[in-house]
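Topology and contacts: notes
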Amino acid sequence: MGEEFSLEDILIILKRRFLAFILPVIALAPIGIVAVMLLPAKYTAQGTILVESQQIPTEYVRSTINSYAQERISMIRQRVMTRNRLLEVADEYNLFPRSLGLSESERVNLMRQRLRVDLITTSAQARSAGRDNTIAFTVAYTDRDANKAYLVANKFITLFLDEDVRTRTAGASNTTEFFERESTRLREEVAKMEERVSQYKAQNANALPEHLNMHLNMLERARNNLSNAESTITQLEEERRFLETQLISGANADNSLSSELARLESELARLRATYRDNYPEVVAKREEIASIKARMAPSSDITRLRGELSAAEDALTALERAETPDEEAIAAAEADVEAARNTLSDRISEETRKGTSDIAGVQIEGRIAVVENRIRMLTKQTESLMTEIANLEERIARTPEVERGITALTRDYDNLFQEYQEVLSKRGSAQLAENLEENQQAEKFSILEPALQPDKPSSPDRPKLIVMALFAAFGLGGMVALGLELLQARIRGRNHLASIMEVQPIAVIPFIYSEADKKGRFPAFKPPNWGRGRRKAKRRPGPEPTPEPAL
């Protein structure tokens, strides 16, 4: 366009098409101005909400709400601008009378268009450094009624504040409840694990690692006792064999009663070889022999004590052979046997010291009985020691396996208990954070500037719109004039002529108005007569001189 239309061309077009240019302007400009003036006024009420930081240092109490303020504002905005919430506010303040005939969806869309939430942020470096750069945000509502705009804006500000408190408190409460459930679950698992450890230790109480040294000491003592018992049994068996030898060989034959008895029995045998049994001397010898045997026989006390000892031994044997041995009863029976043995031994010693009778054989028999009883007791003790040694060896052999089991259970228990302690610590922190939220001492929203009732409309901007309408009218007029000029091909001056002829004109004679033109018509509306006022352009031949310009 710069090559075809110069400023001169534009001025010529405007001069020639002034009427086509001015008529759209005259027609459209008033219409645009009237339309702008008839636009309904809209009022915007706006409030500012401040994002306050936590009042207590985070080193002491850390909030469980870790989202940025911008994220929470967006989330709260979605909750506040739900369909049901917007319809409730619209019905509360009668924003859309029924006479308008708007559906619920249309009313919701209109309210979403009228409600505006804008963030007030600091530099972007704070967000890139991991800090929230939102320091405040504005809530604005636009309506044709200034009072309704003011009321609805404050209503939404209140909804934002209430939703923030509810959201933060609910989040902190949910966190606390979560850790409560976790701590309860872990506490039950810790109790179950303790029960498992206790049962395992109870099942392996005789092979616990902490008892290993004690078992080793007990094994050493049992082996020593077994060795001593076996040595004692060997000595007692030798003593018994010696006593039995004495009893058989008549080692005590030098005793007076025994010698007399042997002499009388020899004489009785000699007499019976000669005389009959009723022979007076044979009868006398028999009586003497009976008297000596009566004197050599043990006393009634010894006989009774030997019977008691035999009964005690029988009772002990019966208890030991029972299907379910009673350890206490066996111990009592053993004590009775020992007491009977000691009593019998003491009684034999006492009668021997008194020398009331020749009881050498009885004494030997009693000593043999005592030795046998001791051998029997020691044999039983040996069997018990061997059983004990076997049990101790089995316990010691099982101890490493039991230790591995206890170590595994203890490790699981320690891990579970540590997790339980961590959950308890987090539950305490969550409880503090919940108290912080309930007391509104954490990060919160507060009203920095409430929405005020607007005293002048926020839209439309009439001066700006009027200027835009005038520019549109002038633009349309220019387009009409240019369109007519392009449809009607005419020469628009010397530049246009030179571009067509490809030569420059020698001279240009301006349009000369006649007296009738001057008196009759406005020059602007009279098209120029290029055929009458235009001088013909002549080609300049090379050798010809330049002609004088015409007068």
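Everything discussed here concerns the structure shown above.
Here is what the cut-offs are and how they apply
- In every chain, residue numbers begin from 1 and rise along the written sequence.
- Confidence filtering applies because this is a predicted model: local features only for residues at pLDDT of at least 70, side-chain atom pairs given and counted only at 80 or more, and all residues used for totals across whole chains, interfaces and linings.
- Hydrogens and water are ignored here; the side-chain numbers use all heavy atoms of the structure.
- Numbering of helices and strands runs from the N terminus; a helix is a DSSP stretch of H or I covering at least four residues, while a strand is a stretch of E covering at least two.
- Here the term buried applies to any residue with accessible area under 20% of the maximum for its type, exposed to any over 50%, and partly exposed to those in between, with areas from a 1.4 Å probe on protein chains only.
- Should any heavy atoms of two residues lie within 4.5 Å, those residues are counted as being in contact.
- To be clear on the numbers: accessible area is Shrake-Rupley with a 1.4 Å probe, and residue cover counts the displayed protein chains and nothing else.
- Polar contact criterion, stated in full: a pair of N or O atoms within 3.5 Å, where within protein one must be able to donate a hydrogen and the other to accept it, and residues adjacent in sequence count only if both atoms are side-chain atoms.
- Any two of the Phe, Tyr and Trp rings considered here, Trp counted by its six-membered ring, make a pair once their centres fall within 6.5 Å; the pair's planes then place it as stacked at under 30 degrees, edge-to-face at over 60, or tilted in between.
- By definition here, a salt bridge exists when the distance from a side-chain nitrogen of Lys or Arg to a carboxyl oxygen of Asp or Glu is within 4 Å.
- To define a nonpolar core, start from buried Ala, Val, Leu, Ile, Met, Phe, Trp, Tyr and Cys residues and group those joined through side-chain atoms within 4.5 Å.
- Strands were regarded as paired on the criterion that DSSP finds at least two bridges between them.
- Note on method: axes are straight lines fitted to C-alpha atoms, helices fitted across the in-contact stretch only, with angles between N-to-C directions ranging 0 to 180 degrees.
- Angle categories are assigned with fixed cut-offs, so that under 35 degrees is roughly parallel, over 145 is roughly antiparallel, 65 to 115 is roughly perpendicular, and the rest are oblique.
- Each residue is assigned to one class: nonpolar for Ala, Val, Leu, Ile, Met, Phe, Trp, Tyr, Cys and Pro, charged for Asp, Glu, Lys and Arg, and polar for all the others, Gly among them.

**Section: the overall build of the chain**
A tally of helices and strands in the chain yields 17 helices and four strands. The buried share among the 551 residues of the chain stands at 29%. Intrachain contacts of the chain at a sequence separation of at least 6 include 79% that bridge at least 24 residues. Taken as a whole, the chain presents about 34800 Å² of accessible surface, with 53% of it coming from carbon and sulfur.

**Points about the side chain of Thr 138**
Relative to the assigned elements, Thr 138 resides in strand 3 (residues 134–143). Judged by its relative accessible area of 8%, Thr 138 is buried. Dropping the residues within four chain positions of it, Thr 138 is found in contact with Gln 46, Gly 47, Thr 48, Arg 116, Val 117, Asp 118 and Ile 120.

**Details of the side chain of Thr 399**
Along the chain, the position of Thr 399 falls in helix 13 (residues 360–438). We classify Thr 399 as buried; its relative accessible area is 2%. Here the side chain of Thr 399 touches Arg 395 through a polar contact of 2.7 Å, landing on its backbone oxygen. With residues near it in sequence (within four places) discarded, Thr 399 still touches Ala 207, Leu 208, Pro 209 and Leu 212.

**Regarding the packing of aromatic side chains**
Counting across every chain of the model gives six aromatic pairs. Aromatic side chains Phe 137 and Phe 160 sit 5.7 Å apart centroid to centroid with 50 degrees between the ring planes, which places their arrangement in the tilted category. Of this pair, Phe 137 sits in strand 3 while Phe 160 sits in helix 7 (residues 146–203), placing them 23 residues apart in sequence. On the basis of relative accessible area, Phe 137 is assigned to the buried category, the value being 0%. Given the relative accessible area of 0%, Phe 160 is considered buried. On the basis of an interplanar angle of 70 degrees and a centroid distance of 5.3 Å, the ring pair of Phe 178 and Phe 179 is categorised as edge-to-face. Residue Phe 178 is classed as partly exposed on the basis of its relative accessible area, which comes to 40%. By relative accessible area, Phe 179 is classed as buried at 15%.

**Overview of the pattern of salt bridges**
Pairing of side chains with opposite charge becomes possible as their charged atoms draw close. Across all of its chains, the model carries 13 salt bridges by this definition. With its nearest N and O atoms 2.9 Å apart, the salt bridge here joins Asp 118 to Arg 116. Of the residues examined, Asp 118 reaches a relative accessible area of 31% and is grouped as partly exposed. With relative accessibility at 34%, the residue Arg 116 sits in the partly exposed group. In this structure, Arg 427 engages Glu 180 in a salt bridge whose closest nitrogen and oxygen atoms are separated by 3.5 Å. Here the residue Arg 427 occupies a position in helix 13, and Glu 180 occupies one in helix 7, the gap between them amounting to 247 residues. Counted as one network, the salt bridges with shared partners bring together Arg 79, Glu 163 and Arg 166.

**Comments concerning unusual backbone geometry**
Positive phi, normally seen in glycine, also occurs at Asn 94, with a value near 50 degrees. Structurally, the position occupied by Asn 94 is in the loop between helix 4 (83–92) and helix 5 (104–114). Residue class for Asn 94 comes out partly exposed when judged on its relative accessible area of 45%.

**Considering the nonpolar core**
Counting residues in hydrophobic clusters, the biggest one holds 31 residues, and the most contacted among them are Met 111, Phe 137 and Phe 156. Among the secondary structure elements, those contributing two or more residues to this core are strand 1 (43–52), helix 3 (69–80), helix 4, helix 5, strand 2 (115–121), strand 3 and helix 7. Setting aside residues no more than four positions away along its own chain, Phe 156 makes contact with Val 80, Leu 86, Val 89, Met 111, Leu 115, Val 139 and Tyr 141. Formed by eleven residues, the second largest nonpolar core is a distinct cluster that contains Met 193, Leu 409, Tyr 413 and Val 423.

**Observations regarding the pairing of strand 3**
Among the ten residues that make up strand 3, nine are buried, leaving the element largely enclosed by the rest of the structure. Of the strand pairs in this sheet, strand 1 and strand 3 are connected by eight bridges, and their pairing is antiparallel. Looking across to strand 3, one finds that Gln 46 is bridged to Ala 140. As judged from the seven bridges shared by strand 2 and strand 3, these two strands associate in the antiparallel manner. Looking at strand 3, one finds that Arg 116 is bridged to Ala 140.

**Some thoughts on the environment of Tyr 200**
Within the secondary structure, Tyr 200 sits in helix 7. C-alpha separation for the pair Tyr 200 and Leu 409, spaced 209 residues apart in sequence, amounts to 9.0 Å.

**Re the packing of helix 4 against helix 5**
Relative orientation of the contacting elements helix 4 and helix 5 amounts to 90 degrees, with a least axis distance of 10 Å. Classified by the interaxial angle, the pair formed by helix 4 and helix 5 is roughly perpendicular. The segment helix 4 lies against helix 5, with Arg 83, Leu 86, Leu 87, Val 89, Ala 90 and Asp 91 engaging Glu 104, Ser 105, Arg 107, Val 108, Met 111 and Arg 112. When the residues that make up the contact of helix 4 with helix 5 are grouped by side-chain class, the tally is six nonpolar, one polar and five charged.

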